[in-house]
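What the coordinates show
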Amino acid sequence: MLLKPDQRLKLDDTDDNLFYAYPRFVTHVDEGFIQRLTDLYRERLQPNTRILDMMSSWVSHLPEEIKFAHVEGHGLNAEELKRNPRLNHYFVQNLNENPGLPLPDQEFDAVLNCVSVQYLQYPEAVFSEIHRILKPGGVAIISFSNRMFYQKAIQAWRDASEPGRLELVKRYFASVPGFSTPEIIARKSTAPNFLQWLGAPGGDPFYAAIAHRK
């Protein structure tokens, strides 16, 4: 296993379903991050393909002008997912209790995970599932910043530096035979730390790891 038991621990070990029971109709990153993510999706996703937006919410940040064959949503709050206009269908599931996705093998052209990878307690199992449901040549895009619900992030993530978190996601991909070597995009923030934490525009760093099923 990639992570040791203590590295999977959260400060708040209560049921995740309770923590996410109340809908949060907010964005957890700034406009600069969202624009970079949407531009990345515009560059890497193809029209008329099948997309899984994993650990999603009320917004997916997909380019409005691109029409997809199907966008499947997954998350922990049904009200948020119901409000997401890009989803054709969604399901609610706690991946820390059951990482097995109720989806067929090789069903999707892309799997997306935006600012949520830090909450996975068993990332090896989840990334194995991502590989299973991707079509050969399909792409997985894992994006994150430096914000999080600190009490729900795993210890390995909390303890790591920002470059260390990128290395952690690279190791998640490497733990599953059959993924390409991840391409890394890193746009560090130029804003002072206190402005980043205050949510100042342009303050959020942007990180993404992109890999394909071989």
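See the structure shown above.
A brief report on the enclosed structure follows.

Here is what the cut-offs are and how they apply
Residues numbered from 1 in each chain as written. Predicted model: local features only at pLDDT ≥ 70, side-chain atom pairs only at ≥ 80, totals over all residues. Heavy atoms only, no water. Helix = DSSP H or I, 4+ residues; strand = E, 2+ residues; numbered from the N terminus. Buried < 20%, exposed > 50% of the residue type's maximum accessible area, 1.4 Å probe, protein only. Contact = heavy atoms within 4.5 Å. Polar contact = N/O pair within 3.5 Å; in protein donor to acceptor, adjacent residues only side chain to side chain. Core = buried A, V, L, I, M, F, W, Y, C linked by side-chain atoms within 4.5 Å. Pairing = 2+ DSSP bridges. Lys, Arg positive; Asp, Glu negative; His and termini not counted. Salt bridge = Lys/Arg side-chain N within 4 Å of Asp/Glu carboxyl O.

Thoughts on the environment of Asn88
The topology assignment puts Asn88 in the loop between α3 (78-83) and β3 (89-92). Take Asn88: its relative accessible area is 49%, and that puts it in the partly exposed class. Once residues within four sequence positions are removed from consideration, Asn88 is found in contact with Ala69, His70 and Val71. Here Val71 takes part through its backbone nitrogen, which lies 2.6 Å from a polar atom of the side chain of Asn88.

Quick look at the nonpolar core
Formed by 36 residues in total, the largest nonpolar core has its most connected members in Leu52, Met54, Val117, Phe127, Ile130 and Phe173. Elements that contribute at least two residues to this core include exactly β1 (50-54), β4 (108-114), α4 (123-133), β5 (134-144), α5 (155-159), α6 (162-174) and β7 (206-212). When near neighbours in sequence (up to four residues on either side) are disregarded, Leu52 contacts Glu72, His74, Phe91, Leu101, Leu103, Phe108, Ala110, Val111, Leu112 and Ile133. Among the nonpolar cores identified, the runner-up in size contains 24 residues, and Ile34, Leu62, Val139 and Ile141 belong to it.

Looking at the pairing of β1
Counting buried positions over the 5 residues of β1 gives 4, a clear majority of the element. Note: β1 against strand β2 (residues 70-75), 4 bridges, orientation parallel. Bridging across to β2, Leu52 finds its partner in Glu72. Pairing of β1 with β4, which is carried by 4 bridges, proceeds in the parallel orientation. Bridge pairing links Met54 to Asn113 in β4.

Describing the side chain of Asp30
Positionally, Asp30 belongs in the loop between α1 (16-19) and α2 (31-44). No salt bridge is formed by the buried Asp30; the nearest opposite charge belongs to Arg147, separated by 4.9 Å. Within the structure, Asp30 has its side chain in polar contact with the backbone nitrogen of Phe33 (distance 2.9 Å).

What about the pattern of salt bridges?
Side chains that differ in charge, positive against negative, can pair when their charged atoms come close. Applying the stated criterion across every chain, the model contains 12 salt bridges. Its salt-bridge partner being Asp39, residue Arg42 comes within 2.7 Å of it at the nearest N-O pair. Here the residue Arg42 and the residue Asp39 both occupy positions in helix α2, the gap between them amounting to 3 residues, near one helical turn. You can call Asp39 partly exposed: its relative accessible area is 35%. The partner of Asp109 in a salt bridge is Lys135, with the nearest N and O atoms 3.4 Å apart. Here Lys135 lies in strand β5 and Asp109 lies in strand β4, a separation of 26 residues in the sequence. Its relative accessible area of 23% is what places Asp109 among the partly exposed residues.

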